[in-house]
Amino acid sequence: MASGFYSALGVSRDASQDEIQRAYRKLARTYHPDVNKDPGAEERFKEISEAYDVLSDPKTRQRYDTFGEDFRRVPEDVDPATWNRARAGAGARRRSPGAGPEGFPDGVQFSTGAEGIDLDDLLGGIFGGGGRGRRGWGPIPGSDHELEVEITVEEAYRGTSRALGLTGPDGERSVNVKVPAGVVDGQRIRLGGQGGQGSAGAPPGDLYLIVRIADHPRYRLDGRDIQVDLPLAVWEGALGASVVIATPGGEATVKVPKGTSSGRRLRLRGRGLPNPRGKAGDLYAEAKLMVPRRLTPEEVRLFEELAGTSKFDPRRRR
């Protein structure tokens, strides 16, 4: 009974959280309405998103595995073992002659061994009993949901906003969300009261945005640190230089020491992603010495002169 959401993501019931996340991200990229204009893509995307909302949260996933499709309606304090016994008794009763339209008459007791369990009393009438049980479970708060939002490195540096289309009981609505400067990949942003609707007047759940920072052709992120390649001419590495480079926060100057070889990392303190609660990250420029593909006759002469004069052997052990 608990296979629907797993099937939606194409994973097995024993899939790890990483496998579930990878499956969701792959399917989301395929079926997101912004990239897939097929008539059924939006509905498929909603199905995928709902499955991921449930299975990405270990607590919610456990409830789904235990209670199946009824996991949202079963109160938090229902004992799983008692539930399973009651379900087994209900199934037996449905196969009995003379059962009512739901398989059992009001107030019937299902017996498993020496213990009698009243299913309607156990669930507070959620299967149509209208609260006929001897105790009610009261309002059930709405469930929390998760949604991934992708931003660029530049947006992570300076902050940005996104207009999200959310579906609720009153139809579609748009929510403008501010993504603060200095977010890192995987960070969660809580939107209070924007999750699932509660029942019987209970408060709604929360919506958590999971920030994903898209790959960048120039910048590589390591937490709040930013890494960037620094192309240098051979003579700049040998003689030293001051090189202006682009960073997410604007231009910056890198001081290249004399004798810099490829692979050397030069740090610019505090030029990584900002940190609203502490120290900003650093930017690391990695030297990449470049050689001209085509040399002029004069360049050839100078390089030959250098080769004949220099005692430098890059293959000699130091």
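Keep in mind that what you see is a predicted model, and the values were worked out from it rather than measured.

1. Topic: the pairing of strand E6 (residues 188-191)
Judged by which residues are buried, E6 turns out to be one-sided: Ile 189 and Leu 191 face inward and are buried, whereas Arg 188 and Arg 190, on the alternate face, are not. Note that E6 and strand E7 (residues 207-213) share four bridges and pair antiparallel. Residue pairing for E7: Arg 190 is matched across the bridge by Tyr 208.

2. Details of the sheet that holds strand E12 (residues 265-268)
Across the sheet, which stays open at both edges, the four strands sit in the order E8-E9-E13-E12 with mixed pairing between neighbours. Only two strands of the sheet have a single partner each, and these edge strands are strand E8 (220-222) and E12. Each neighbouring strand pair of the sheet contributes to a mean axis angle of 35°, computed without reference to strand direction. Looking at chain direction, E12 and strand E13 (residues 283-290) are connected through four bridges and run antiparallel. Bridged to Arg 267 within E13 is Tyr 284.

3. Quick look at the pairing of strand E9 (residues 225-233)
On a regular strand, each side chain points to the face opposite its neighbour's, so the side chains alternate between the two faces of the sheet. Judged from the three bridges that link them, E8 and E9 form a sheet pairing that is antiparallel. Bridged to Arg 220 within E9 is Gln 227. Here E8 folds back onto E9 in antiparallel fashion, the turn holding two residues, of which Gly 223 has a positive phi close to 70°. As judged from the eight bridges shared by E9 and E13, these two strands associate in the parallel manner. Each bridged residue has a counterpart across the sheet, and for Asp 229 the counterpart in E13 is Glu 286.

4. Observations regarding the nonpolar core
One finds Ile 151, Leu 209, Val 211, Leu 230, Ile 245, Val 254 and Val 256 to be the most contacted residues of the largest nonpolar core, which totals 32 residues. Contacts of Val 254, omitting those with residues within four sequence positions, involve Leu 230, Ala 241, Ser 242, Val 243, Ile 245, Leu 266, Leu 268 and Ala 285. In this structure, Val 11, Leu 27, Ile 48 and Val 54 belong to the second largest nonpolar core, which totals 22 residues.

5. Side note on the sheet that holds strand E3 (residues 145-151)
Here three strands make up an open sheet; going across it, the order is E3-E7-E6 and the pairing mixed. Edge positions in the open sheet fall to E3 and E6, since each of these has one partner strand only. Ignoring strand direction, the axes of neighbouring strands in this sheet form an average angle of 30°.

6. Focus: the packing of aromatic side chains
Taken as a whole, this structure holds five aromatic pairs when the rule is applied. An angle of 35° between the planes, with centres 6.2 Å apart, marks the rings of Tyr 6 and Tyr 64 as tilted. Of this pair, Tyr 6 sits in helix H1 (residues 4-9) while Tyr 64 sits in helix H4 (residues 58-67), and the two are 58 residues apart along the sequence. Note on accessibility: Tyr 6 and Tyr 64 belong to one class, buried. Every member of this aromatic cluster is reached through a ring pair, and the members are Phe 5, Tyr 6, Tyr 64 and Phe 71. If you follow Arg 188 out to its NZ or CZ, it ends over the ring of Tyr 208, 4.3 Å from the centre.

7. A word on the confidence of the model for the protein chain
Overall, the predicted model of the protein chain reaches an average pLDDT of 80, with 78% of residues at or above 70. Here residues 92-136 is a poorly scored stretch, pLDDT under 50, and it has 63 contacts once near neighbours within four places are set aside; other chains count.

Cut-offs used in this document
- Residues numbered from 1 in each chain as written.
- Predicted model: local features only at pLDDT ≥ 70, side-chain atom pairs only at ≥ 80, totals over all residues.
- Heavy atoms only, no water.
- Buried < 20%, exposed > 50% of the residue type's maximum accessible area, 1.4 Å probe, protein only.
- Helix = DSSP H or I, 4+ residues; strand = E, 2+ residues; numbered from the N terminus.
- Pairing = 2+ DSSP bridges.
- Axes fitted to C-alpha atoms, helices over the stretch in contact; angles between N-to-C directions.
- Core = buried A, V, L, I, M, F, W, Y, C linked by side-chain atoms within 4.5 Å.
- Contact = heavy atoms within 4.5 Å.
- Phe/Tyr/Trp six-rings, centres within 6.5 Å; stacked < 30°, edge-to-face > 60°.
- Lys NZ or Arg CZ within 6 Å of the ring centre and 35° of its normal.
- pLDDT = per-residue confidence, 0-100.

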